[in-house]
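Each chain is listed here by its residues.
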Amino acid sequence: MNPTKLHRMKLRLIFALYLCTLVACSQQEEEQYERLEQENVSSDVNTWVKADLQCEEIQNADDDNPLAVVYLSQMEMQYVIDTVYTCSVIAPQMFTSFGVPRQALSACGGWWAGQGNFYYTLHEGDSIAVMHARPVKSDSVDFQYTLLQRVPVSHSTTDLPEESYMP
């Protein structure tokens, strides 16, 4: 074989291998970017689903018989979740202290006379799960949450049933 022809074949082979490597690397890079985008969207639910637990004191905690209402606020909607003795919103950095998973959307609760009522919300599919625990203060406090209620995820008020509206 002619040395020039052999040299051209080697160059073509090297060029072909280079192109294959280039295509494979850019495809892997593209897949990696897509995977990162999906992880960012799914892991930061708080950016697109809002479900804030709020507390409204009706009778002051200094009274003999305090009273507060726990609400779930979502978009322009408010759902009454429960009536309790005392309640306050729990900051996300305090979630673990109250047995709340870090992916929870919001949490609240309070203690009165050695007993408590604690709540947190989770986004699950097309609904918001409201979880509830009723721990007792003792040497060790055990927060065992159970499902209290499900509320549909709403993106606008047109998504919600009419009976959901508060007066």
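Residues numbered from 1 in each chain as written. Predicted model: local features only at pLDDT ≥ 70, side-chain atom pairs only at ≥ 80, totals over all residues. Heavy atoms only, no water.

What to know about the nonpolar core
And step 1. Core analysis: the biggest nonpolar cluster contains 18 residues, and Leu53, Val70, Leu72, Ile81, Tyr119 and Ile128 have the highest contact counts within it.
And step 2. If you list the elements that add at least two residues to this core, you get strand S2 (67-74), strand S3 (77-84) and strand S7 (127-133).
And step 3. Counting residues per element, this core draws most heavily on S3, at four residues.
And step 4. Core analysis: the second largest hydrophobic core is formed by 14 residues, Ala104, Leu122, Met131 and Phe143 among them. (Core = buried A, V, L, I, M, F, W, Y, C linked by side-chain atoms within 4.5 Å. Buried < 20%, exposed > 50% of the residue type's maximum accessible area, 1.4 Å probe, protein only. Helix = DSSP H or I, 4+ residues; strand = E, 2+ residues; numbered from the N terminus.)

Re the sheet that holds S3
And step 1. As summarised here, the arrangement of the three strands in space is S1-S2-S3, forming an open sheet in which the pairing is antiparallel. Edge positions in the sheet fall to strand S1 (52-59) and S3, since each of these pairs with one other strand and no more. Across the sheet, the axes of successive neighbouring strands diverge by a mean angle of 25°, strand direction being ignored.
And step 2. Pairing between S1 and S2: seven bridges, direction antiparallel. In the sheet register, Asp52 faces S2, and the bridge partner there is Ser73. (Pairing = 2+ DSSP bridges. Axes fitted to C-alpha atoms, helices over the stretch in contact; angles between N-to-C directions.)

Here we look at the confidence of the model for the protein chain
And step 1. Of the residues in the protein chain, 63% have a pLDDT of 70 or more, and the chain-wide mean is 78.
And step 2. Scored below 50 in pLDDT, residues 40-45 makes three contacts in the model with residues more than four places away or belonging to other chains.
And step 3. For residues 157-167, every residue scores under 50 in pLDDT, and the model assigns this stretch 16 contacts once sequence neighbours within four places are set aside. (pLDDT = per-residue confidence, 0-100. Contact = heavy atoms within 4.5 Å.)

A word on the state of the cysteines
And step 1. The full count for this structure, using the stated rule, is one disulfide.
And step 2. A sulfur-sulfur distance of 1.9 Å marks the disulfide that ties Cys55 to Cys87. A residue pair is termed long-range when its members are at least 10 positions apart, and Cys55 in strand S1 and Cys87 in the loop between S3 and strand S4 (88-89) qualify at 32 residues.
And step 3. In this structure Cys108 is a free cysteine whose sulfur lies 3.7 Å from that of Cys87, the closest cysteine sulfur available.
And step 4. Owing to a relative accessible area of 0%, Cys108 belongs among the buried residues under this scheme. (Disulfide = S-S within 2.5 Å.)

Topic: the sheet that holds strand S6 (residues 115-124)
Hydrogen bonds between backbone atoms are what pair the strands of a sheet, whose relative direction is either parallel or antiparallel.
And step 1. In space, the five strands of this open sheet follow the order S4-S5-S6-S7-S8, with antiparallel pairing throughout. Both edges of this open sheet fall to S4 and strand S8 (146-152), since each of them pairs with a single strand only.

A few points about the side chain of Gln74
And step 1. Tracing the backbone shows Gln74 in strand S2.
And step 2. Non-local contacts of Gln74, meaning those with residues more than four positions away in its chain, are made with Lys50, Tyr79, Ile128, Val151, Pro152, Val153 and Ser154.

Some thoughts on a negative patch on the surface
And step 1. On the surface, a cluster of negative charge is contributed by Glu57, Asp62, Asp63 and Asp64.
And step 2. Mapping Glu57 onto the fold places it in strand S1.
And step 3. Looking at Glu57, the relative accessible area reads 52%, which means it is exposed. (Patch = residues over 30% accessible without salt bridge, like charges linked within 9 Å, V, L, I, M, F, W, Y side chains within 5 Å. Areas by Shrake-Rupley, 256 points an atom, 1.4 Å probe, with all protein chains shown as cover. Salt bridge = Lys/Arg side-chain N within 4 Å of Asp/Glu carboxyl O. Lys, Arg positive; Asp, Glu negative; His and termini not counted. Charge placed at Lys NZ, Arg CZ, Asp CG, Glu CD.)

Examining the pairing of strand S5 (residues 106-112)
And step 1. Among the seven residues of S5, five are classified as buried, and the element is accordingly described as predominantly covered.
And step 2. Note: S4 against S5, two bridges, orientation antiparallel. Note that in S5 the partner of Ser88 across the bridge is Gly109.
And step 3. Bridge analysis of S5 against S6 gives seven bridges, and the strand direction is antiparallel. Each residue of the ladder has a partner; that of Trp111, found in S6, is Gly116.
And step 4. The antiparallel pairing of S5 with S6 creates a hairpin that spans two residues between the two strands, and Ala113 there sits at a positive phi of about 55°.

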